[in-house]
Amino acid sequence: MAQEDTFKKIVSHCKEYGFVFPSSDIYDGLAAVYDYGQNGVELKNNIKQYWWQSMVLLHNNIVGIDSSIFMHPTIWKASGHVDAFNDPLIDNRDSKKRYRADVLIEDQLGKYEEKMDKEIAKAAKKFGDSFDAAQFRATNPRVLEYQRKYNELHTRFANAMEASNFEELKQIILDEGIVDPISGTKNWTDVRQFNLMFSTEMGASADSSSKIYLRPETAQGIFVNFLNVQKTGRMKLPFGIAQIGKAFRNEIVARQFVFRMREFEQMEMQFFCQPGTEMEWFNYWKQYRLAWHQALGMGNDNYRYHDHEKLAHYANAATDIEFHMPFGFKEVEGIHSRTNFDLSQHEKFSGRQIKYFDPERNENYTPYVVETSIGVDRMFLSIMCHSYTEEQLENGSSRVVLRLPEPLAPTKCAVLPLVNKDGLPEKAQEIVDDLKFHFNTHYGDPKDSIGKRYRRQDAVGTPFCVTVDHDTPKDHKVTLRYRDTMKQERVDIDALRGIMEERVSISSLLKKLNVKE
């Protein structure tokens, strides 16, 4: 099945099974804005819980805050967002649609990568176990030609972005023959800049109101609270401040479902350290954050680092953790060494001294910062894309199953009475009432056949199903069914919690991280 078709099925599945709905759906929706449904919000909350506990619970020197969305407008002047938070945009005159020029070129780079991967996959299938992928990549004429085109385009693109050369960006689009996906034409306008921040007015009347912005990132709320947290918590360097919250960007090219939206949620941690130690901590957080992703068991090969060649003016190191989505490797998290830029800027614009007194060195200085920033929605999408499976069974039937990491699944266990009589519903409810204090447990109404109810739980990713049948009142046992293998076993009711709890708890993931201070 084509990757594009698979992605469309995932989007459809999300709506059909209560994970994600188009926002304002009864009014025909609002572009690039989505609502999380009853299953989606549980999965999303579990992702946030896993991240929060991996930061705040496992690290003695990291604490959390929750800063406001509305902030003093000078903050965004100090951070550089007012003057420099821009995207290079280009319009197609025929379709009247607007695109980000850099995204169009990145997609073209991705096409060259896909062509190389297809050639390698085709050869691997042909030659089998004797196939040497590295040698094929280094010698095959078609792969070498695609690699040459990729390298040349990548160099031109990087140089143009580095120099903010909009004329060159347009010329690249023309030279590569990039067409508008709607009109199919190359009738492009010049490239120009567009600021991504949403602005609004605060005040009772137009005369007294002042222009403020919806925050485009959560990080600045941490920086402006640095001294508040450090002094009230008596924090000593190195230490971190974590935050989960909404951010807003007026994305022109909002696409690929929840991957790029105008309203989204971030999980960010700013780690403050002594100047000169930042690269040590950058490497620590780079490795730790990749381990956090890999602990979910979604395949280590599906992750890769992408080191930034062009650094932001405030950074001295930056890398992305990318995940293999149906539309290619895409960023889900960034790790950045931001130097002392942010605190220095806020000190300059606020007129307040924002420094740390180091009792060991007996001096004041501005700490350096290493940032980890992950998009909740992108993480959600990566999990859904990896978990969605269409499976052919031995009996000739098929099923759609979400192989979600068990601790993140919206519902951990569904208790299903076989029929709606003979005291089975009451016994099933007793089991639910016992287990619900430990993990999210669902009662499955017996109006449908047990097979249909199994399929429904497979489709929403429930790891365990417990069937209460006519023998249960006699032997105090139930049938426990495992989602991924469909294996069934007869177990004592009193053993249910012990079998499931370790596998579905967030702590089972946290133990894999093995943090040592």
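That block above? That's the structure.
The sections below set out a description of the structure shown in this document. The structure displayed is predicted, hence computed values, not measured ones.

1. A few points about the environment of His346
Within the element layout of this structure, His346 appears in helix H12 (residues 341–350). The contacts of His346, once residues within four sequence positions are left out, are Ile75, Ala78, Gln220, Phe223, Val224, Gly351 and Ile354. A polar atom in the side chain of His346 sits 2.7 Å from the side chain of Gln220.

2. Describing the sheet that holds strand S13 (residues 328–339)
Picture the strands of a sheet paired through backbone hydrogen bonds; they go either parallel or antiparallel. Strand order in the open sheet formed by seven strands is S3-S9-S10-S16-S13-S12-S11, with mixed pairing between adjacent strands. Bordering the open sheet on either side are strand S3 (62–64) and strand S11 (303–307), each of which pairs with just one other strand. Pairwise comparison of adjacent strand axes, ignoring direction, gives a mean angle of 25° for this sheet.

3. Examining a positive patch on the surface
Residues Lys111, Lys115, Lys118 and Lys149 make up a contiguous surface patch of positive charge. Looking at which element gives the most residues to the positive patch, the answer is helix H5 (residues 101–127), with three residues. With respect to the helices and strands, Lys115 occurs in helix H5. Taking the relative accessible area as the measure of exposure, Lys115 reaches 39% and is therefore partly exposed.

4. A short note on helix H11 (residues 278–294)
Between the first and last C-alpha of H11 there are 24 Å, a value that for 17 residues agrees with the 24 Å anticipated at 1.5 Å per step. Residues of H11 that are buried: Glu278, Phe282, Trp285, Lys286, Tyr288, Arg289, Leu290, Trp292 and His293.

5. Looking at unusual backbone geometry
Each neighbour pair has its own omega, and for Leu237 with Pro238 the value is -5°, a cis peptide bond. Here Pro238 shows up in the loop between helix H10 (226–232) and strand S9 (239–248). Unusually for a residue other than glycine, Phe257 sits at a positive phi of about 65°. Mapped onto the elements of the fold, Phe257 is located in the loop between S9 and strand S10 (263–273). For Phe257, a relative accessible area of 9% translates into the label buried. Its identity is not glycine, yet His476 carries a phi of approximately 60°, on the positive side. Mapping His476 onto the fold places it in the loop between helix H16 (472–475) and strand S22 (477–482).

What counts, and where the lines are drawn
- Residues numbered from 1 in each chain as written.
- Predicted model: local features only at pLDDT ≥ 70, side-chain atom pairs only at ≥ 80, totals over all residues.
- Heavy atoms only, no water.
- Helix = DSSP H or I, 4+ residues; strand = E, 2+ residues; numbered from the N terminus.
- Contact = heavy atoms within 4.5 Å.
- Polar contact = N/O pair within 3.5 Å; in protein donor to acceptor, adjacent residues only side chain to side chain.
- Pairing = 2+ DSSP bridges.
- Axes fitted to C-alpha atoms, helices over the stretch in contact; angles between N-to-C directions.
- Patch = residues over 30% accessible without salt bridge, like charges linked within 9 Å, V, L, I, M, F, W, Y side chains within 5 Å.
- Areas by Shrake-Rupley, 256 points an atom, 1.4 Å probe, with all protein chains shown as cover.
- Salt bridge = Lys/Arg side-chain N within 4 Å of Asp/Glu carboxyl O.
- Lys, Arg positive; Asp, Glu negative; His and termini not counted.
- Charge placed at Lys NZ, Arg CZ, Asp CG, Glu CD.
- Buried < 20%, exposed > 50% of the residue type's maximum accessible area, 1.4 Å probe, protein only.
- Expected span 1.5 Å × (residues − 1).

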